[in-house]
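# Remarks on the overall topology
Below are the chains, spelled out letter by letter.
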Amino acid sequence: MPQQYLTLDRPALAPTSEPVLVFLQGGPDGVSRTVVASVEQLVYGKIKVPYLAGYEHFERRVGDGSPLLFTWTGRTKIAE
């Protein structure tokens with residue numbers, strides 16, 4: 001089963017939930033190190049950030065002491 005990521009380039013899943021500032025670790029130098037995510041994205045533990053002609057994938061690392069830290073796991077290109 002392929003992994004699914006919630007994308008930060010669309011509205012939050014539940015507009016009533018408060019946005020949360022999360023920190024990104026790793027990935028290309030041009031990607032912001034902080035992004036605003038929804039509570040649902042925090043619970044899901046995976047997000048993807050649009051960057052150039054693709055997406056940078058980040059996953060929350062459980063047990064690292066910071067639930068708001070997402071670590072870069074890879075990149076995919078946008079299908080044309």
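Quick caveat, the model's predicted, so the values are computed rather than measured. (Residues numbered from 1 in each chain as written. Predicted model: local features only at pLDDT ≥ 70, side-chain atom pairs only at ≥ 80, totals over all residues. Heavy atoms only, no water.)

Mapped onto the fold, Phe70 is located in strand E6 (residues 69-77). Here the alpha-carbon distance between Phe70 and Ile47, two residues 23 residues apart in the chain, equals 8.3 Å. Phe70 has contacts with Val22, Phe23, Leu24, Gln25, Gln41, Leu42, Gly45, Lys46, Ile47, Phe58, Glu59 and Arg60, leaving out every residue within four places of it along the chain. (Helix = DSSP H or I, 4+ residues; strand = E, 2+ residues; numbered from the N terminus. Contact = heavy atoms within 4.5 Å.)

A word on the nonpolar core. Formed by Val20, Val22, Leu24, Val31, Val35, Ala37, Leu42, Ile47, Val49, Phe58 and Phe70, the largest nonpolar core amounts to 11 residues. Counting only elements with at least two residues in this core, the list comes to strand E2 (20-25), strand E3 (34-37) and strand E4 (46-51). Considering each element in turn, this core owes the most residues, 3 residues, to E2. (Core = buried A, V, L, I, M, F, W, Y, C linked by side-chain atoms within 4.5 Å. Buried < 20%, exposed > 50% of the residue type's maximum accessible area, 1.4 Å probe, protein only.)

On to the pairing of strand E5 (residues 54-60). In terms of residue burial, E5 counts as a mostly covered element, since 6 of its 7 residues are buried. Note that E4 and E5 share 6 bridges and pair antiparallel. Looking at the pairing, Val49 lines up with Glu56 of E5. Hairpin remark: E4 followed by E5, antiparallel, with 2 residues in the connecting loop; positive phi at Leu52, about 50°. Bridge analysis of E5 against E6 gives 7 bridges, and the strand direction is antiparallel. When the bridges of E6 are listed, Glu59 appears paired with Thr71. (Pairing = 2+ DSSP bridges.)

As a further point, take the environment of Pro28. As for its position among the elements, Pro28 is in the loop between E2 and E3. For the pair Pro28 and Arg75, spaced 47 residues apart in sequence, the C-alpha to C-alpha distance is 9.6 Å. Look past the residues within four positions of Pro28 in its chain and what remains in contact with it is Arg33, Tyr51, Glu56 and Trp72.

Attention now moves to the packing of aromatic side chains. Here a ring pair, both rings aromatic, is described through the centre-centre distance and the interplanar angle of the planes. This structure, assessed with the given rule, holds 0 aromatic pairs. The ring of Tyr55 carries the charged tip of Lys48 above its face, separated from the ring centre by 4.3 Å. (Phe/Tyr/Trp six-rings, centres within 6.5 Å; stacked < 30°, edge-to-face > 60°. Lys NZ or Arg CZ within 6 Å of the ring centre and 35° of its normal.)

Let's shift gears to the pattern of salt bridges. On inspection of all chains with the given rule, the structure shows 1 salt bridge. Note that Arg75 and Glu56 form a salt bridge whose closest N and O atoms lie 2.3 Å from each other. Here the residue Arg75 occupies a position in strand E6, and Glu56 occupies one in strand E5, the gap between them amounting to 19 residues. Residue class for Arg75 comes out partly exposed when judged on its relative accessible area of 38%. (Salt bridge = Lys/Arg side-chain N within 4 Å of Asp/Glu carboxyl O.)

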